[in-house]
Structures are given as structure tokens and as C-alpha cells.
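# What the coordinates show
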Amino acid sequence: MADSPSVLAKVVRVLGVVAHVVLLPYYLASGLVAPLWAVIVLVAVWAALGVLAIRWWRSRPFLVPLVPVIAVAVWFAGISAGEAWLGWTA
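What this report covers is the structure whose coordinates are included nearby.

Conventions and cut-offs
Residues numbered from 1 in each chain as written. Predicted model: local features only at pLDDT ≥ 70, side-chain atom pairs only at ≥ 80, totals over all residues. Heavy atoms only, no water. Helix = DSSP H or I, 4+ residues; strand = E, 2+ residues; numbered from the N terminus. Rg over C-alpha atoms; globule rule 2.2 N^0.38 Å. Contact = heavy atoms within 4.5 Å. Areas by Shrake-Rupley, 256 points an atom, 1.4 Å probe, with all protein chains shown as cover. Expected span 1.5 Å × (residues − 1). Buried < 20%, exposed > 50% of the residue type's maximum accessible area, 1.4 Å probe, protein only. Polar contact = N/O pair within 3.5 Å; in protein donor to acceptor, adjacent residues only side chain to side chain. Core = buried A, V, L, I, M, F, W, Y, C linked by side-chain atoms within 4.5 Å. Patch = residues over 30% accessible without salt bridge, like charges linked within 9 Å, V, L, I, M, F, W, Y side chains within 5 Å. Salt bridge = Lys/Arg side-chain N within 4 Å of Asp/Glu carboxyl O. Phe/Tyr/Trp six-rings, centres within 6.5 Å; stacked < 30°, edge-to-face > 60°.

## Focus: the overall build of the protein
Within the protein, the regular secondary structure consists of 4 helices and 0 strands. Each helix and strand of the protein, placed in order from N terminus to C terminus, yields the pattern α-α-α-α. Computed over the C-alpha atoms, the radius of gyration of the protein is 16 Å, more than 25% above the 12 Å expected from 2.2 N^0.38 for a compact globule of 90 residues. Considering only C-alpha atoms, the protein reaches an extent of 55 × 20 × 15 Å along its principal axes. For the protein, restricting intrachain contacts to residue pairs at least 6 apart in sequence, the fraction spanning at least 24 positions comes to 67%. Carbon and sulfur atoms provide 76% of the accessible area of the protein, an area that totals close to 6,000 Å².

Printed below as a string of C-alpha cells:
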């Protein structure tokens, strides 16, 4: 039988995935500021980060919490860049 991950590893990876799922409404609500094509790109990036979290689930459980941090950074940078350079407004 393979070694089971520690309780800490289980908690950390679950919290990372839950935090990532909590960010989905922010990505979807970006349509209030961004055009549809930008929302589609942002949601695709969110989904790709979700796949990354799932891939890290077993191999690198302590890196899973970095996924929502990266997701927040990408969302904020994307919306801020669109407002600054492309004239997106609410």
C-alpha cells in the first residue's frame, strides 16, 4: 500500500482548491468591465490553473495554494491592463 499524504498536506491542498473555486465568480463578473472575448480568455486561464491544481494535487500538495494566488494576480493584472490600455470601463 502506498504511503498516504499527511493530514497537513490534505488540508493544504483542499484549501487551495476551495480558494481557487471561490475566485470563479470574480472571473465571471469581469463581464461588467471587460468585453466578452476578454472574459472568455480569463475563464480559460482560470480553468487552466484549475487543471494545474489538480495535477499538483498528489505530486506537490503544498504548491496547490499558489494556484489561487496566481489566479488573483492574473485577474487583477488583466482587468487593470484592460482598463489602462484598452479603455474598459464599468
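## Quick word on helix 3 (residues 36-59)
Here helix 3 contains 24 residues, and its C-alpha end-to-end distance of 35 Å stays within 8% of the 34 Å for a straight helix at 1.5 Å per residue. Every buried residue of helix 3 is accounted for by Ala38, Val39, Leu42, Trp46, Leu49, Gly50, Ala53 and Trp56.

## Some thoughts on the side chain of Ser30
Along the chain, Ser30 falls in the loop between helix 2 (24-28) and helix 3. A relative accessible area of 3% places Ser30 in the buried class. Of the polar contacts made by the side chain of Ser30, one reaches the side chain of Trp75; its length is 2.6 Å. Excluding residues that lie within four positions of it along the chain, Ser30 makes contacts with Val39, Leu42, Trp75 and Ile79.

## Let's talk about the nonpolar core
Core analysis: the biggest nonpolar cluster contains 15 residues, and Tyr27, Ala34, Val67, Ala71, Ile79 and Trp88 have the highest contact counts within it. No other element matches helix 3, which puts 7 residues into this core. Excluding its chain neighbours within four sequence positions, the residues that come into contact with Val67 are His20, Leu49, Leu52, Ala53 and Trp56.

## With respect to a nonpolar patch on the surface
A grouping of Trp37, Val41, Trp85 and Leu86 is seen on the molecular surface, where their side chains present a nonpolar patch of about 540 Å² in accessible area. In this structure, Trp85 sits in helix 4 (residues 66-85). Residue Trp85 is classed as exposed on the basis of its relative accessible area of 72%.

## Quick notes on the packing of aromatic side chains
What the rule picks out here adds up to 2 aromatic pairs. Between the aromatic rings of Tyr26 and Trp75, the centroid separation amounts to 6.2 Å while the plane-to-plane angle is 70 degrees, which identifies the pairing as edge-to-face. Of the two residues, Tyr26 sits in helix 2 while Trp75 sits in helix 4, which places them 49 residues apart along the sequence. Residue classification places Trp75 among the partly exposed residues on the basis of a relative accessible area of 25%.

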